[in-house]
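As a plain string of letters, each chain reads:
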Amino acid sequence: MKKILLLLILTVFCSCNDNDDNRSDENRLEGKWSWIRTSGGFGGPTSSETSDQKIVIEISNSTIKTYTNGNLTQEQKFFIITKKSVFGGDRKMIVIDKGDSITQDFYFDRSFEIIDNKLYLIQECIDCSTSEYERIK
């Protein structure tokens, strides 16, 4: 009987799941990111940090603030969901919460990838752009 009870406790303990892995990318997303370049889109143009604009995005748990040359130019509420990507498979995506407003700018959902200290925001549409950012320490 003790063996069965021990086996049951062990089974329950092993089946517990720590969801930190599911939130790790979202947690790593938070912070300030300096824009490096945007590429792609119709004709494949590339713009980079050598332009006159210094763009920084600040991401909190529910808000993305965009600063251009030090001035706050946009503030948007967002949430993250996992859904089918136009590029195949399921991906975590940043989705802007437009609320009831019809005056908000048009915004494509963006999948994201964090590699080392780089953030890649990929617009979820065919022939759209990818923006690369570097974490500000």
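Owing to the predicted nature of the structure, the values given are computational and were not obtained by experimental measurement.

Scoring rules and cut-offs
Note on numbering: residues in each chain are counted from 1, in written sequence order. Two thresholds apply to this predicted model, a pLDDT of at least 70 for residue-level local features and 80 or more for giving and counting side-chain atom pairs, whereas whole-chain, interface and lining totals are computed over all residues. In computing side-chain properties, one takes all heavy atoms of the structure into account and sets aside hydrogens as well as water. Numbering of helices and strands runs from the N terminus, with a helix taken as a DSSP run of H or I at least four residues long and a strand as a DSSP run of E at least two residues long. Buried residues are those whose accessible area, probed at 1.4 Å on protein chains only, stays under 20% of the maximum for their type, while exposed residues exceed 50% and partly exposed ones sit between those limits. Should any heavy atoms of two residues lie within 4.5 Å, those residues are considered in contact. Remark: nonpolar core denotes a set of buried residues (Ala, Val, Leu, Ile, Met, Phe, Trp, Tyr, Cys) joined through side-chain atoms within 4.5 Å. pLDDT: the predictor's confidence for each residue, scored from 0 to 100. Only strands that DSSP links by at least two bridges are regarded as paired with each other. Counting rule for disulfides: a pair of cysteine sulfur atoms within 2.5 Å. A patch consists of residues exposed above 30% relative accessible area that lack any salt bridge, with like charges linked at up to 9 Å and nonpolar side chains (Val, Leu, Ile, Met, Phe, Trp, Tyr) linked at up to 5 Å. Calculation of accessible area relied on Shrake-Rupley with a 1.4 Å probe; when residues are assessed, cover is drawn exclusively from the protein chains displayed. A pairing counts as a salt bridge when a side-chain nitrogen of Lys or Arg comes within 4 Å of a carboxyl oxygen of Asp or Glu.

## Section: the side chain of T68
Now for step 1: Inspection of the secondary structure assignment puts T68 in strand β4 (residues 63-68).
Now for step 2: For T68, a relative accessible area of 17% gives the class buried.
Now for step 3: For T68, the contacting residues outside a window of four places in its chain are Q53, K54, I55 and T73.

## A closer look at the nonpolar core
Now for step 1: Counting 16 residues, the largest nonpolar core has I57, I59, I94 and L119 as the members making the most contacts within it.
Now for step 2: Per-element tally for this core: the top contributor is strand β3 (residues 55-59), with three residues.
Now for step 3: Among all residues touching I94, those that are not within four sequence positions of it are L29, I64, F78, F79, I80, Y107, D109, R110, F112 and L121.

## Some thoughts on the confidence of the model for the chain
Now for step 1: Of all residues in the chain, 68% have pLDDT values of 70 or greater, and the mean over the chain is 79.
Now for step 2: Predicted confidence for residues 2-8 stays below pLDDT 50, and this span has zero contacts to residues more than four positions away or in other chains.
Now for step 3: For the stretch residues 10-22, pLDDT sits under 50, and the model shows two contacts to residues farther than four places along the chain or on other chains.

## Some points on the pairing of strand β6 (residues 90-96)
Now for step 1: Of the strand pairs in this sheet, strand β5 (residues 71-84) and β6 are connected by seven bridges, and their pairing is antiparallel. The partner of K84 across the bridge, within β6, is D90.
Now for step 2: Where β5 hands over to β6, the hairpin turn is made up of five residues, of which G88 adopts a positive phi near 105 degrees.
Now for step 3: Sheet topology note: the β6/strand β7 (residues 110-115) ladder contains two bridges and is antiparallel.

## Remarks on the state of the cysteines
Simply put, disulfide is the name for a covalent bond between the sulfur atoms of two cysteines.
Now for step 1: Enumeration over the complete set of coordinates arrives at one disulfide.
Now for step 2: The side chain of C125 participates in a disulfide bridge whose partner is C128; the two sulfur atoms lie 1.4 Å from each other. Handedness of the C125-C128 disulfide follows from its S-S torsion of about -100 degrees: it is left-handed. The two residues C125 and C128 agree in class, both being buried.

## A short note on a nonpolar patch on the surface
Now for step 1: The grouping of V86, F87 and I126 at the surface amounts to a nonpolar patch, some 300 Å² of accessible area in total.
Now for step 2: You can see V86 is positioned in the loop between β5 and β6.

## Points about the pattern of salt bridges
Between side chains of opposite charge, a pair can form as their charged atoms come close.
Now for step 1: For the structure on display, the rule yields four salt bridges.
Now for step 2: A salt bridge links K118 to E132; its shortest N-O distance comes to 3.1 Å. Placement of the pair is K118 in strand β8 (residues 118-123) and E132 in strand β9 (residues 129-135), with a sequence separation of 14 residues.
Now for step 3: The exposure class of E132 is buried, given its relative accessible area of 9%.
Now for step 4: Three or more residues joined by partner-sharing salt bridges are found here, namely R37, K118 and E132.

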